[in-house]
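# Residue-level structure breakdown
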Amino acid sequence: MTQIYDRVALIGLGLIASSMFWAMKRNGVAGHVAGYARSAETRDTARRIGLCDTVCDTAIEAVKDADLVVLAVPVGAMGQVAQEIGPHLKPGATLTDVGSVKKQVIEDVAPHVPDTVHFVPAHPLAGTEHSGPESGFATLFDNRWCLIVPSEGSDQGAVDQLGNYWKALGSHIDVMDPDHHDLVLAVTSHCPHLIAYTMVGVADDLRRVTDSEVIKYSAAGFRDFTRIAASDPTMWRDVFLTNKEATLEILGRFTEELFALQRAIRQGDGELLHDYFTRTRAIRRGII
Ligand code: NAD
C-alpha cells in the first residue's frame, strides 16, 4: 500500500479515469477519490458500479479539498473544465491531465490555474479502443509509460509527487517537453490511428461498391486496423484538431513514402520494396 495523495478528484469518468480509480484502489494510492462526469447517465453508471468513493453532481463539488485533480476529459474540453474549476481548487493542490496532446492542452488550461496551484500535465501511454465508465480496469497502466510534461516553472516537489503517483499505479515515468511529446505521439499513435480509420473507410466504401466480403473475410492486418478504428470518435477528433502541426508534418512524410512505394510497385522495383521491408522488419525486432 503506497498512499501518495490523501484526496483525489477525477473529472471525466471514461476509460482512463475509471482505470485510474481501480488502480488506485488496488494499490492504496489515494485515501478518498471523488469523481464527476458531465452526463447524468455516466454518473449513475459510476454510482451503480462503485466507481469512485463519491460521485458528485458538479465538478466544483468534486475538486473541493482535493490534493490531486485529474482532468480526464477529451482534449478539446480541458480548457473549459479548467476555467470552471480553477477558482475552486485548494491552495497547494496539484492539477494534472491525461490528455493525448500536450502543447494545446497546456495553452488552454494554464491561464485558468491559480498561482497557489501546481499544474503538472501528464500523458499515460496506455489505452484500448473502448470508452466510458465501464471500460476501465486496474492493470491498464502496468508496465506502461507515463510521460510527465511539466510546464514552465512547475514546482519540482509537485512533479516528483505526481511521478510517484504514476509509479504507484504501475507505470514507468519519463519527462518530456510539450513539442517533443506531440511530435513523438504523432508518429507512434496519432497518425497510425488516422491510417487505420482511412483503411477501414476504404474497405467499407469498397464493400458498398462491389458488395464484396472484405469485412467478413478480413485477415489479421485488417482486423487490427478495425480494432484501432473503433476508438472513440470524440477523443480522436479532438486529438487531430489540437495536434494539427505535428500530425500534418508526419502525414506529409508518410504520404511521400507511400508515393515512393506506389511508384516502386508500378515500376516493378522489387529491390526497393525488399530493402524497405527489410529495414522496417528490423525496427519491429528492436521493439520486442
Ligand atoms: P472516454 O470517452 O472513455 O471518457 C471521457 C469522459 O469525459 C466521459 O466520461 C465523458 O462523459 C466525459 N466528458 C466529456 N466532456 C466532458 C466535459 N466537458 N466535462 C466533463 N466531463 C466530460 O475517454 P478516455 O479514453 O478516458 O479519454 C480521456 C482523456 O484521456 C482524453 O483526453 C484522451 O486524449 C486521454 N487518453 C486516452 C487514451 C485512450 O487510449 N483512450 C490514452 C491516453 C490518454
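Owing to the predicted nature of the structure, the values given are computational and were not obtained by experimental measurement.

Criteria and cut-off values
Residues numbered from 1 in each chain as written. Predicted model: local features only at pLDDT ≥ 70, side-chain atom pairs only at ≥ 80, totals over all residues. Heavy atoms only, no water. Domains from an automatic or database assignment. Contact = heavy atoms within 4.5 Å. Buried area = accessible area lost by both parts, 1.4 Å probe. Salt bridge = Lys/Arg side-chain N within 4 Å of Asp/Glu carboxyl O. Polar contact = N/O pair within 3.5 Å; in protein donor to acceptor, adjacent residues only side chain to side chain. Pairing = 2+ DSSP bridges. Helix = DSSP H or I, 4+ residues; strand = E, 2+ residues; numbered from the N terminus. Axes fitted to C-alpha atoms, helices over the stretch in contact; angles between N-to-C directions. Near = heavy atom within 4 Å. Areas by Shrake-Rupley, 256 points an atom, 1.4 Å probe, with all protein chains shown as cover. Nonpolar A, V, L, I, M, F, W, Y, C, P; charged D, E, K, R; others polar. Buried < 20%, exposed > 50% of the residue type's maximum accessible area, 1.4 Å probe, protein only. Core = buried A, V, L, I, M, F, W, Y, C linked by side-chain atoms within 4.5 Å.

### Comments concerning the domain arrangement of the protein chain
- Assigned domains of the protein chain: these are domain 1 (5-176) and domain 2 (180-287).
- For domain 1 versus domain 2, the distance between C-alpha centres works out to 31 Å.
- Every contact between the two is made by 16 residues of domain 1 and, on the other side, 16 residues of domain 2.
- Counting the surface lost from both domain 1 and domain 2, the interface buries some 1,300 Å², and carbon and sulfur atoms represent 67% of this.
- Of all residues in domain 1, the largest losses of buried area upon contact with domain 2 belong to Val 101, Glu 129 and Met 176, amounting jointly to 39% of the total for that side.
- Linking domain 1 with domain 2 are one salt bridge, by the criterion used here.
- Note that Arg 227 and Glu 129 form a salt bridge whose closest N and O atoms lie 3.7 Å from each other.
- At the junction of domain 1 with domain 2, the criterion picks out six residue pairs in polar contact (both at pLDDT 80 or more).

### Focus on the sheet that holds strand 6 (residues 118-119)
- In spatial order, the strands read 3-2-1-4-5-6; together these six strands make up an open sheet with parallel pairing. If you trace the sheet from one side to the other, it starts and ends with strand 3 (54-55) and strand 6, each paired once.
- Bridge count between strand 5 (residues 94-97) and strand 6: two bridges; the pairing is parallel. Bridging across to strand 6, Thr 94 finds its partner in His 118.
- With respect to the sheet, helix 6 (residues 156-168) is in contact with strand 1 (5-11), strand 4 (68-71), strand 5 and strand 6, its orientation differing from that of strand 1 by roughly 80 degrees.

### Observations concerning the site of the ligand
- With respect to spatial proximity, 28 residues lie near the ligand, and among them Leu 15, Ile 16, Val 73, Ser 100 and Gly 132 are the closest.
- Arg 38 is positioned with one of its backbone polar atoms (N or O) 3.4 Å from a nitrogen atom of the ligand.
- In this structure, an oxygen atom belonging to the ligand sits 2.6 Å away from a side-chain N or O atom of Ser 100.
- Isolated, the ligand exposes 830 Å² of accessible area, and the fraction of that covered by the protein chains is 90%.
- Secondary structure elements with two or more residues in the shell around the ligand: helix 1 (15-27), helix 4 (78-85) and strand 7 (122-124).
- In terms of residue count, the dominant contributor to the shell around the ligand is helix 4 (three residues).
- Of the residues that constitute the shell around the ligand, the class distribution is 15 nonpolar, 11 polar and two charged.

### With respect to the environment of His 112
- Within the element layout of this structure, His 112 appears in the loop between helix 5 (103-109) and strand 6.
- Among the residues examined, His 112 registers a relative accessible area of 26% and is labelled partly exposed.
- Remark: the alpha-carbon pair of His 112 and Gln 80, spanning 32 residues in sequence, is separated by 9.1 Å.
- Those residues in contact with His 112 that sit more than four places away from it in its chain are Gly 79, Ala 82, Gln 83 and Gly 86.

### Details of unusual backbone geometry
- Backbone geometry places Cys 52, a non-glycine residue, at a positive phi of 85 degrees.
- Within the fold, Cys 52 resides in the loop between helix 2 (40-49) and strand 3.
- Despite not being glycine, Asp 65 shows a phi value in the positive range, around 70 degrees.
- As for its placement among the helices and strands, Asp 65 is situated in the loop between helix 3 (59-63) and strand 4.

### Description of the nonpolar core
- Within the largest apolar cluster, 38 residues are counted, with the highest numbers of intra-cluster contacts made by Val 8, Leu 10, Met 20, Met 24, Leu 162, Tyr 165 and Trp 166.
- Sorting the residues of this core by element identifies strand 1, helix 1, strand 2 (30-36), strand 4, strand 8 (145-148) and helix 6 as the ones contributing at least two each.
- With seven residues, helix 1 is the largest single contributor of residues to this core.
- Those residues within four positions of Leu 162 in sequence are excluded, and the remaining contacts are Tyr 5, Leu 68, Thr 96, Val 120, Ala 122 and Ile 148.
- Counting residues in each nonpolar core, the second largest holds 30 residues, with Ala 62, Ala 66, Val 69 and Phe 119 among its members.

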